[in-house]
Structures are given as structure tokens and as C-alpha cells.
Amino acid sequence: MKGDVLRLKKTGIKINGIESRREFFFYGFVLCFAVSKAWGLDSADDSYKLLAMGGLGFWLSVLRDTKFSLKEYISMICLLVVGASSLLFSGKVGVLFPFLLFTASKDIDIEVVLKRLSGIWLGVLVFKTFLALSGVVGTTVIIQNRLFMDNAQRYDLGYGHPNLYHVVFFIGVSLFCYTHQKLRIMYYIVFFLLNLLVYKLTYSTTGWVLTALSILGFAVITLIEDHCVKYYVLSRFLGMLCVVPMIMSFLLAYLYRGDSSEWIRINSFLTGRLNWNYMYIHKYSVPLLGQRFDNRVPNMLDNAYIFILYRYGIIVFSILFVGYVLVLVRLVKKDDIRKILFCFIFLIYGFIEQFIQNCFMNFSMFFLCELMWEVTKDNGKESKNRKNDRC
């Protein structure tokens, strides 16, 4: 470790809290992809491609500076082969990102990484919002009939779609609330009011509801921790709820009948998502390592679970969601209610959006890194979230 510190100092790089050159490269790798998503870049954008190339360069540097055992090398190679094969068959580069993250994360303190990312993510969001409101970045206005309002003016604020702007806001707020455990109640009130303001711009009902759920959930946990209330039952109940969005995704898609008035009302409430889910699971078979969707059919699939299974294949699906189940089991045993809630709010968003497939938008996927290396970052201590143990 001392040699790493000396080598880092010789490069002239001085960053508080980063103790080795390998850590510096890891942060570079994560930031290249995370900042591109916080800015709302699409994979077709030239800026995104430049950042992705930089991120891959940092990733290779991380691997070069990391020592692995033979067993670790074999595990890494297997994961990368699965990711690369699914990329080849599906044509979607996003399938590779989780495997790049897992293989580069050895001995990295994920909690510290997420806390630093929370400030950076919100900073990028605020800066781009300022540019959009000041006219530097173009804003598209969409006129649509929304819940309880006809001809609503929806602003994308430079993100391509109003829903995406609210998703980015949701991610930033949720990440900040998770990583800052001692927030005063005033912060939650401010975030709640900001959520209302963002809704007035985007009219994204899903974004508003799930952001409000996230704010309320973390506020309640903060109050529980402050009053030293045991949450043994709550952590287990919430842990079980985490698998409900995935189960309901496939169950509703299989049970859906377009000629039933009840199903039509449910489908209308979900803005047509059930119909698209039904169409995709009946049009395509489940592949082993991915497949390409018919370009003649509009990609209107807004369910992450069905998308991952039918686009990336059953092997990738199994790795990710069996991994989630194992992580949740560990968290429930530790009564780590804050992490469980963080997983839950992203997993429930997967029921109505695709973005949780991307580990640089779904930051709960970072918890799978610890499972990958079978290393806990508590260093023999119980989770800081478990204040009830100190009561």
C-alpha cells in the first residue's frame, strides 16, 4: 500500500481520501460512465463514446494494478466472456457494464464511492438544469394529456425526454439520501418540494411517485434510527418485497388479456406497458446469451426484467438477479434496512422502466461487487446503519 501511495504522489496527483493509483483509476472508470448518464448522454452521442473510451482505459489500468488469485482470474474471465457473448448476440453494449464494474471493484470501499458519486451526480444535474433554464442547452416541450390534466406541457430540460429528467433526479436524490445517514428532516422536506417542482416541469407521474416514496422511506428510517426502534420485522418484510416487482412483471405479462375490460383499464393505467410486455414475451423466446429485437417493431418495452431476460439472455439475467437475492439475504440477516430500501426503490422502478439494467444508473447494483469478491467493507464492525444495536 505504501508503494502505491508513493507512486500516486510521484504522478503529482493529490486527491483527498484516494490512497493508491489503482483507486484513482477506479474512480476515473466509474466517473466516466456515471457522469455521461447524469448528463443524459445517449450511446450514439460522440461525447458519450469519448467518455466510454476513457472509462475503458481507466478500467484496464485498474486491472493492471490489481493482484488477483487464480480463482479470481477464472471468475473474472467467466464473467467477461458471458458479458462479451451477450453483447455479441444482443448488440447492446450496456450488458457489459456490470461485469466491468464487478471485475474492477476488488478491495474498493463501495460505500465511499457511492457517497462521492451522490454529490457529483447532483452537481451535474443542477449544472445542466441551469444551462437548460438559461437557454444554453436546448429544451424540448411535449404536449400530452397526463393524469388529471389535459394538454400538459412537459419539458425535457435537455435530457431528450421528460421522464428521463425525472429519472436522473430520482437517482440523485435517492443516492444522496442513502449515503447521508444523518440528514435533518428539513433536507427531506426540501427534496419533497423539489420533487413537486420537477413534476410541474416533467409531469412524470411515475418519477414523482417513486421519488416521493424514496424520500419518505429514508425519512422514516432516519426517524426510526434516531429513536432506536428495532426493525427486525420491517427489514425482512421489505426484503421480501424486493422480489415482488420481478415476479409481478412476468405474472401480469402472462395473464394479460387485451380483450378484457379489466385488463384494458390496468393497461391504460400503466400507459400501455402491459400490452408491450405481453407482446414481447409471446413474440420472442428466452435466449441463452442474448438476441436482437426486430427493428420493425418499436422498442416500447419499459420493463427492465423482461428486457434483460429476453434481450440479454437467461445467463445474464440469472447472474444479476440471483446475485440480488443473495445480497438481500445478507442484508436482511444484518438488518441493514437502509441498503434494503435502496435496493427496493430501484427494483420497483424496474417494473416500469428499463434503466436499472445499467449499473451506472442503478447504483444498488454496486452492492453485488461485495458479493463478487466475498469481502465486506465493515472491517469487523457492524453496519453504521444499525444504530439500533447501540441502543
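In this text the structure is predicted, and so the values were computed from the model without any measurement.

A word on the overall build of the protein
Tallying secondary structure elements over the protein gives 17 helices and 2 strands in all. Residue burial in the protein is summarised as follows: out of 391 residues, 52% are buried. Considering only intrachain contacts with a sequence separation of at least 6, the fraction spanning at least 24 residues in the protein is 67%. Accessible area for the protein stands at about 18,900 Å²; split by element, carbon and sulfur atoms hold 65% of it.

A closer look at the pattern of salt bridges
As enumerated under the stated definition, the model contains 7 salt bridges in all. For Asp65, the salt bridge goes to Arg64, with nearest N and O atoms at 3.2 Å. Residue classification places Arg64 among the exposed positions, given a relative accessible area of 55%. Ionic pairing is found between Asp335 and Arg236, a salt bridge with its closest N-O pair at 2.7 Å.

A look at a nonpolar patch on the surface
Residues Ile185, Met186, Ile189, Val190, Phe192, Leu193, Leu194, Leu196, Leu197 and Leu223 make up a contiguous nonpolar surface patch of roughly 860 Å² in combined accessible area. Of all the elements, helix H8 (residues 185-202) adds the most residues to the nonpolar patch, at 9 residues. Looking at the secondary structure, you find Phe192 in helix H8.

Some words on the packing of helix H11 (residues 244-255) against helix H13 (residues 273-283)
It is the contact of H11 with H13, at a shortest axis distance of 8 Å, that shows an interaxial angle of 85°. Classified by the interaxial angle, the pair formed by H11 and H13 is roughly perpendicular. On H13, the residues that touch Leu252, Ala253 and Tyr254 of H11 are Leu274, Asn277, Tyr278, Ile281 and His282. Of the residues contributing to the contact of H11 with H13, the split by class is 6 nonpolar, 2 polar and no charged.

A look at H8
The periodicity of an α-helix, 3.6 residues per turn, causes residues three or four places apart in sequence to face the same way. The end-to-end C-alpha distance of H8 is 26 Å, a good match for the 26 Å that 18 residues give at a rise of 1.5 Å each. Along H8, the positions that sit buried rather than exposed are Tyr188, Phe191, Asn195, Val198, Tyr199 and Thr202. One face of H8 carries all of its buried residues, which in axial projection span an arc of 105°. Exposed residues lying more than 90 degrees from the buried face of H8 are Met186, Leu193, Leu197 and Lys200.

Criteria and thresholds
Residues numbered from 1 in each chain as written. Predicted model: local features only at pLDDT ≥ 70, side-chain atom pairs only at ≥ 80, totals over all residues. Heavy atoms only, no water. Helix = DSSP H or I, 4+ residues; strand = E, 2+ residues; numbered from the N terminus. Buried < 20%, exposed > 50% of the residue type's maximum accessible area, 1.4 Å probe, protein only. Contact = heavy atoms within 4.5 Å. Areas by Shrake-Rupley, 256 points an atom, 1.4 Å probe, with all protein chains shown as cover. Salt bridge = Lys/Arg side-chain N within 4 Å of Asp/Glu carboxyl O. Patch = residues over 30% accessible without salt bridge, like charges linked within 9 Å, V, L, I, M, F, W, Y side chains within 5 Å. Axes fitted to C-alpha atoms, helices over the stretch in contact; angles between N-to-C directions. Parallel < 35°, antiparallel > 145°, perpendicular 65-115°, else oblique. Nonpolar A, V, L, I, M, F, W, Y, C, P; charged D, E, K, R; others polar. Expected span 1.5 Å × (residues − 1). Arc of directions from axis to C-beta.

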